[in-house]
Amino acid sequence: MQFHSPFFLFVFLPIFLILSLLPWKKIRNGCLLALGMLFAFWLQPEVFPLEIMVLVFTYGMGRGISNAIEKNGKPKVWMWVGVGVNLAILAALKIAVMLDVWDSMPVGYSFFAFMAIAYLLDIHKRQIGAEKNFLSFTNFMFWFPKMIAGPITRMKGFSVVTPEEELTLQVKMRGLQRFIIGLA
């Protein structure tokens, strides 16, 4: 599903905008998580299981780095394993495309992999702690507005709705206006 497709513009985006205005944070975030995962599945269903495996792996590696830091263990080992596996998967996909095993690079997978790597590096550098809530981490990784074209976002400061700023209809309208300008 591309951002300029009629289904996205007239079905997916309106549903997203309506759900993002829900006043109940847990329900809103759950709905937005479901939409993000649906979007990722729609992009390329054959890659979705790989993204789920990378998500679970990266979450575990992040927790491992954090636990090693707390217990004066070896966080560098956890970090290198996490980064190495993410890079190996990305390289394997690129080689598969080069050897014509795969038609093209999965849409948005590079952003997905580099976000996972940035997350692990940020934990190792102690810029953030590992996310304890798996659903929050999943929402971060599958946040659909940046899945196709980025940017590579960081977990620090990421929130579907920041505590300092509630997303009002006016804020949504400014965002929609920017989207329309970008689309044009």
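Keep in mind that what you see is a predicted model, and the values were worked out from it rather than measured.

Caption draft 1: Inspection of the overall build of the protein at higher detail. Per the secondary structure count, the protein includes seven helices and zero strands. Listing the helices and strands of the protein from first to last along the sequence gives α-α-α-α-α-α-α. Here the protein holds 184 residues, and the buried ones make up 40% of them. Surface exposure of the protein reaches about 10,400 Å², of which carbon and sulfur atoms provide 68%.

Caption draft 2: Seen up close, the packing of aromatic side chains. Going through the model one piece at a time under the given rule, you end up with 12 aromatic pairs. Ring geometry for Tyr59 versus Phe134: centroids 5.0 Å apart, planes at 80°, classification edge-to-face. Of the two residues, Tyr59 is situated in helix H3 (residues 48-70) and Phe134 in helix H6 (residues 134-141); the sequence distance between them amounts to 75 residues. According to the relative accessible area criterion, Tyr59 is buried, its value standing at 15%. Overall, the relative accessible area of 30% leaves Phe134 in the partly exposed class. Ring centres 4.6 Å apart and planes at 45° place the aromatic pair Tyr119 and Phe137 in the tilted group. One end of the pair, Tyr119, is in helix H5 (residues 109-124); the other, Phe137, is in helix H6, with 18 residues separating them in the sequence. A residue is classified by how much of its surface remains accessible, and Tyr119, at 1% relative accessible area, is buried. Clustering of aromatic rings is evident, with ring pairs tying together Phe41, Phe48, Tyr109, Phe112 and Phe142.

Caption draft 3: Structural context of the packing of helix H2 (residues 25-43) against H3. It is the contact of H2 with H3, at a shortest axis distance of 9 Å, that shows an interaxial angle of 135°. Regarding the angle of H2 to H3, the classification is oblique. Between H2, through Met37, Ala40 and Phe41, and H3, the contact on the second element is made entirely by Phe48, Glu51 and Ile52.

Caption draft 4: Geometry of a nonpolar patch on the surface. On the surface, a cluster of nonpolar side chains totalling about 550 Å² of accessible area is made up of Phe7, Phe10, Val11, Ile15, Leu38 and Trp42. Elements with a contribution of two residues or more to the nonpolar patch: helix H1 (6-19) and H2. By residue number, the principal contributor to the nonpolar patch is H1, which donates four residues. Structurally, Val11 is set in helix H1.

Caption draft 5: Structural context of H5. With 16 residues, H5 should cover 22 Å at 1.5 Å per step; its first-to-last C-alpha distance of 23 Å lies within 8% of that length. Summarising burial for H5: 12 of the 16 residues are buried, a large majority. Taken together, the buried positions of H5 are occupied by Tyr109, Phe112, Ala113, Met115, Ala116, Ile117, Ala118, Tyr119, Leu120, Asp122, Ile123 and His124. Against the buried residues of H5 lie H3, helix H4 (75-98) and H6. Arg126 lies just past H5 and shows a positive phi near 65°.

Caption draft 6: View of the confidence of the model for the protein. Residues of the protein with pLDDT of at least 70 account for 89%, and the chain-wide mean is 84. Within the model, pLDDT remains below 50 along residues 160-165, and this stretch shows 11 contacts once partners closer than five positions in the same chain are excluded.

Rules and cut-offs
Residues numbered from 1 in each chain as written. Predicted model: local features only at pLDDT ≥ 70, side-chain atom pairs only at ≥ 80, totals over all residues. Heavy atoms only, no water. Helix = DSSP H or I, 4+ residues; strand = E, 2+ residues; numbered from the N terminus. Buried < 20%, exposed > 50% of the residue type's maximum accessible area, 1.4 Å probe, protein only. Areas by Shrake-Rupley, 256 points an atom, 1.4 Å probe, with all protein chains shown as cover. Phe/Tyr/Trp six-rings, centres within 6.5 Å; stacked < 30°, edge-to-face > 60°. Axes fitted to C-alpha atoms, helices over the stretch in contact; angles between N-to-C directions. Parallel < 35°, antiparallel > 145°, perpendicular 65-115°, else oblique. Contact = heavy atoms within 4.5 Å. Patch = residues over 30% accessible without salt bridge, like charges linked within 9 Å, V, L, I, M, F, W, Y side chains within 5 Å. Salt bridge = Lys/Arg side-chain N within 4 Å of Asp/Glu carboxyl O. Expected span 1.5 Å × (residues − 1). pLDDT = per-residue confidence, 0-100.

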